[in-house]
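# Residue-level structural notes
Spelled out, the chains give:
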Amino acid sequence: MYLKKGRSLLLKVHKPPIPFVLNTNPLPNSNQKSQFESNEAFLKESDVLLRLKQEREISSAMEYFKSIANSGAFKHTPLTYQTMIEKLGGEFELGSIQYLLQQMKLERIVCSEELFVFVICSYRRAGWAEQALKMFYRMNEFGCKPTVKIYNHLLDALLSENLFSLINPIYTNMKKDGMEPNLFTYNILIKALCKNDKVDNARKLLVEMSKRGCSPDKVSYTTIISSLCKLGKVKEARELASRFEPILPVYNALVNGFCKEGKIEKGFELLGEMVEKGIEPNVITYSTIISSLCDVGRVNLSLAVLAKMFVKGCTPNIHTFTSLVKGFFSEGRVFEALELWNRMVCEGFELNIVAYSTLIHGLCSSGNVDKAVSLLDQMKRNGCSPNVTIYSTLIDGFAKAGDLCGASEIWNEMMSNGCRPNVVAYTCMVDALCRNSLFNRAHFLIENMSLEGCRPNTITFNTLIKGLCACGRAEWGLKVLDEMRRHGCLPNITTYNELLDGLFKVNRFQEAFELVREMQEGKMELNLVTYNTILNGLCRAGFPVKALQLMGKMLVEGENPDGITYNTTIYAYCKLGRVRTATQLVERIRASKKWCPDVVTYTSLLWGICNSIGLDEAIVYLDKMVSEDISPNIASWNVLVRCLFNSLGHIGPIHILDDILGNG
């Protein structure tokens, strides 16, 4: 997609070609002698096993494996087949594993329980759990009978890919086959239920375990307690933990649960309880508290916890320091964040994708996008491949800096490296295009993402709507609203806020009020931004009375007003000529210490006083304004000068003043 200045945007992921390493054709070529063919009539099993284990290249090992069989020098045994299959599994050569299993079947070599478990685990590591299930249903073909161990590893493979709908039928089959579930089975089922947010069912399974004479262990309890904490049921988790002697992982789960609820002091209490019971907090315990403190802006206290770690002889890890780096950036302490990063590098920490992502995000958020790009280069040199999150962060950083060229270069690098953009990456790129008023291209990119199988979400459409409304293209924004509905995206309060603001700014009052009615009919809950936008729109449209009525409704519904709300209300009173009411409101709110008047407040009051009372009273409020260290701006002086000329009866100078102000 062409942008401008000779730049274009790649729309297809460029995947590097994957070389075909292994030829598993079972038919040997009799006209060509292999380099591995032996002059000996027969080889010993021990010789073959040694050679296979020593061969580093998987293709060479497979060639040797085939050649000695094809030459008749050796007839493979269950052990040599197992060794070769294990070697292939380590390299994720699953197609070759299937070929060898078929060869075993043809040669009537029985597949052992150990080998079949390895095959299932290989599929699990490769993320092919459903293929593992297919192999399980064919296991009789290979002379292997189902066992509790095989069932357990199959259940674990399905769990690894969250295939919850397949787990229960397999467990049912297991019981039908007369297999008695063991502790490992139950722990897998408990974990599956917890991952599927069915903690209550997991707790019922604890009862079933006990009835069947299988006592739950620490893993069983820890899994359920961790899940309860993740679901915000920390009180229940604490009660369950009290039923047995807590262990370190349980305490860590509880500390994490309390910290996520913002109850960091409870986390500190648990630290003390752990020490009393002789359980030494580990790096996970301390890192959890440090991360939570940094998230709430208490970095200095987190440094004190870090010092305690050192005193206790607990060595921080990469996650500990990454949390601190994030905390420093959140408080604007960029120098300290970079200093800590350099210390991590000097001390030889193995920097992972999370650490790089945290620093790149911090640099982009603080406006140091160029440094973030240099870190991206360093990251690649260190053998750590950037992921879509890092690319999205950089695109967003360039977008916010108004640098379309930088954003498009990062996008193109992402596509060229075969990294598929997600909805966040697309949305960041849409934002970059909108900030450069390239709305047609932004719209085209949204259409393209749908074709590429990545559905735009509400935030994607909101980004385009915001860009359009900011440039006075609110009518186009309304068309995008219809389009997002066709995509199955429901507008949220932000969508309406952007459209209302855009419509009011271009005086499209009728469309704006229709949107308000639509929100009311849809029973959408208004937030403070919505109220402020509508209040301002009503005043612009010449309905100050309705604005004041809306202000009353807002207060009744429990929405706390802010400075914008108060200033809009004061302006509405002044527009109605009720200046005394406006000044009384200012004094009342000031006395409550909920808000202090600013230059916008006083400018509205000056305008109201000039129109309703006169210049002398306005000068009094000007003096009051200056005495409160609030400097008048151009709008304030404009009000006063207009009032002065008007009081003198000089209409001409007012028009001259309009021309001067209009020309800046």
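Our structure is the block above this text.
Below you will find a few notes about this structure. Along each chain, residue indices are assigned from 1 in the same order as the chain's sequence is written. In view of the model being predicted, local features appear only for residues whose pLDDT reaches at least 70, and side-chain atom pairs are presented and counted only at 80 or more, with totals across whole chains, interfaces and linings using the full set of residues. Side-chain numbers come from the whole structure's heavy atoms, not from hydrogens or water.

## Quick look at the side chain of N497
To keep things clear, this is the line we draw: Put simply, DSSP marks the helices as runs of H or I at least four residues long and the strands as runs of E at least two long, and each gets a number from the N terminus on. Between buried and exposed lies partly exposed: a residue is buried under 20% and exposed over 50% of the maximum accessible area for its type, with that area taken using a 1.4 Å probe on protein chains only. Working rule for contacts: check all heavy atoms of both residues, and any pair within 4.5 Å makes them a contact.
Within the element layout of this structure, N497 appears in helix α27 (residues 493-505). What makes N497 buried here is its relative accessible area of 8%. Excluding residues within four positions of it along the chain, N497 makes contact with N527, V529, T530 and T533.

## Thoughts on unusual backbone geometry
Unlike most non-glycine residues, D197 shows phi in positive territory, near 60 degrees. You can call D197 exposed: its relative accessible area is 52%. Phi angles above zero are rare outside glycine, and N507 is one such case at about 60 degrees. Among the secondary structure elements, N507 is positioned in the loop between α27 and α28 (509-521).

## Here we look at the packing of aromatic side chains
To keep things clear, this is the line we draw: We call Phe, Tyr and Trp rings a pair once their centres come within 6.5 Å, taking the six-membered ring for Trp, and we label the pair stacked below 30 degrees between planes, edge-to-face above 60, and tilted otherwise. We call a charge positioned over a ring when the NZ of a Lys or the CZ of an Arg lies within 6 Å of the ring centre and within 35 degrees of the ring normal.
Evaluated as defined, the whole model comprises 14 aromatic pairs. An angle of 15 degrees between the planes, with centres 6.4 Å apart, marks the rings of Y123 and W128 as stacked. When its relative accessible area of 43% is taken as the criterion, W128 is described as partly exposed. Measuring from ring centre to ring centre gives 6.2 Å for F439 and W476, while their planes differ by 75 degrees; the resulting arrangement is edge-to-face. With F439 in helix α24 (residues 439-451) and W476 in helix α26 (residues 474-486), this pair connects stretches of sequence that are 37 residues apart. Aromatic rings pair up to connect F504, F509, F513 and F543 into one cluster. Between R51 and the ring centre of Y64, over which it is positioned, the NZ or CZ distance is 4.7 Å. Of note, K546 hangs over the ring of F543, and the distance from its end group to the ring centre comes to 5.2 Å.

## Observations concerning the environment of I290
Residue position: I290 is located in helix α15 (residues 283-295). Its relative accessible area of 0% is what places I290 among the buried residues. Separated by 12 residues in sequence, I290 and S302 have C-alpha atoms that sit 4.8 Å apart. Residues within four places of I290 in sequence aside, it is in contact with S302, V305, L306, M309, T320, S323 and L324.

## Regarding the pattern of salt bridges
Rules: A pairing counts as a salt bridge when a side-chain nitrogen of Lys or Arg comes within 4 Å of a carboxyl oxygen of Asp or Glu.
Under the definition given, this model contains 29 salt bridges. Here R138 makes a salt bridge to E141, at a shortest N to O gap of 3.1 Å. With relative accessibility at 30%, the residue R138 sits in the partly exposed group. A relative accessible area of 37% places E141 in the partly exposed class. Ionic pairing is found between E236 and R203, a salt bridge with its closest N-O pair at 3.2 Å. One end of the pair, E236, is in helix α12 (residues 234-241); the other, R203, is in helix α10 (residues 199-211), with 33 residues separating them in the sequence.

## Some remarks on α12
Filter applied, for reference: The arc in question is the one spanned by the directions pointing from the helix axis to the C-beta atoms.
What α12 keeps buried is the set V234, A237, L240 and A241. Along the long axis of α12, the arc covered by the buried residues comes to 120 degrees, so they all point the same way. Next to the buried residues of α12 lie α10, α11 (218-230) and α13 (248-260).

## Topic: α15
Counted only if it meets this: To estimate how far a helix should reach, multiply one less than its number of residues by 1.5 Å. Throughout this description, a polar contact denotes any pair of N or O atoms lying within 3.5 Å of each other; where both atoms belong to protein, one of them has to be capable of donating a hydrogen while the other can accept it, and for residues adjacent in sequence the pair is counted only when both atoms sit in side chains.
For α15, which comprises 13 residues, the first-to-last C-alpha distance of 18 Å matches the rise-based estimate of 18 Å (1.5 Å per residue) to within 8%. Within α15, 10 of the 13 residues are buried, leaving the element largely enclosed by the surrounding structure. For α15, every residue scored as buried is listed here: V283, T285, Y286, S287, T288, I289, I290, S292, L293 and C294. Elements in contact with the buried residues of α15: α13, α14 (264-276), α16 (299-311) and α17 (318-330). Between the side-chain oxygen of the N-cap and the backbone nitrogen of I284 there are 3.1 Å, and the N-cap of α15 in question is N282. Phi for G297, located one or two positions after α15, is positive at around 75 degrees.

Any functional reading would require information beyond the geometric quantities listed.
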